[in-house]
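For reference, the chains in residue letters:
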Amino acid sequence: MLSTSIPYEELRYYDPEDASFWVPHQQEPRMVKFNTLTSTIEDIITQCGYPKSERERLARDHRLYAEAFLKDYRGPVNGPIPLIGEILPRTVG
């Protein structure tokens, strides 16, 4: 058990670099880096070698991931979030 506690607010994401995530390539033994704030499903499909038939599943999965991430993200948002497909009602958290 920790002797001191960290306030919840300090555990949140504040920097756009915190939005980075990795996806495994489907035909090669490597990972590909993306950004929750700027990447699209088409980026993920193309750069990771997914078949187009996986688009619907990937869109659903990555939308859920992006929504969960944005609940704790307090950094700048400078436009639409392609993985969600909408503009958030705030520009700074």
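Going along each chain's sequence as written, the residues are numbered from 1 onward. At least 70 in pLDDT is required for a residue's local features to be given in this predicted model, at least 80 for side-chain atom pairs to be given and counted, and no such filter applies to totals for whole chains, interfaces and linings, which use all residues. Just so you know, side-chain values use all the structure's heavy atoms and leave hydrogens and water out.

What follows covers helix α1 (residues 41–48). When accessible area is computed with a 1.4 Å probe and restricted to protein chains, residues below 20% of their type maximum are described as buried, those above 50% as exposed, and intermediate ones as partly exposed. A run of H or I in DSSP becomes a helix once it reaches four residues, and a run of E becomes a strand once it reaches two; helices and strands are each numbered from the N terminus. All buried positions along α1 are accounted for by I41, I44, I45 and C48. For α1, the angular spread of buried residues about the axis comes to 95°, placing them on one side. Buried residues belonging to α1 abut β1 (20–24), β2 (31–35) and α2 (55–72). An arc is given here, and it is the one of the directions from the helix axis to the C-beta atoms. It only takes one pair of heavy atoms within 4.5 Å for two residues to be counted as in contact.

Moving on, we get to the pattern of salt bridges. Within this document, salt bridges are pairs made up of a side-chain nitrogen of Lys or Arg and a carboxyl oxygen of Asp or Glu, the two lying within 4 Å of each other. Tallying each qualifying case throughout the model produces eight salt bridges. Residue K33 pairs with E17 through a salt bridge whose shortest N-O separation is 3.0 Å. Linking K33 in strand β2 with E17 in the segment before β1, this pair joins segments that are 16 residues apart in sequence. The partly exposed category is assigned to E17, whose relative accessible area is 47%. Here the salt bridges share partners, and the residues they tie into one network are E54, R57, R60 and D61.

The next point concerns α2. Each helix should span, by expectation, one fewer than its residue count multiplied by 1.5 Å. Look at α2: 26 Å from first C-alpha to last across 18 residues, which is about the 26 Å you get at 1.5 Å a residue. Turning to α2, its buried residues are L58, H62, A66, F69 and L70. Burial along α2 is one-sided: seen end-on, the buried residues are contained in an arc of 95°. More than 90 degrees from the buried face of α2, the exposed residues found are E56, L64 and K71. Among the structural elements, β1, α1 and β3 (80–81) are those in contact with the buried residues of α2.

Before going further, it helps to spend a moment on the pairing of β1. Residues F21 and V23 of β1 are buried on one face, while the alternating residues S20, W22 and P24, pointing to the opposite face, are not. Two strands are said to pair when DSSP picks up at least two bridges between them. If you look at the hairpin formed by β1 and β2, you'll find six residues sitting between the two strands.

We now examine the packing of aromatic side chains. For Phe, Tyr and Trp, rings pair up if their centres lie within 6.5 Å, where Trp contributes its six-membered ring, and each pair is then called stacked (planes under 30 degrees apart), edge-to-face (over 60) or tilted (otherwise). Across all of its chains, the model carries four aromatic pairs by this definition. Centroid distance F21 to F34: 5.9 Å. Interplanar angle 35°. Geometry classified as tilted. Taken as a pair, F21 in strand β1 and F34 in strand β2 lie far apart in primary sequence, 13 residues in all. For the pair formed by F21 and F34, the shared burial category is buried.

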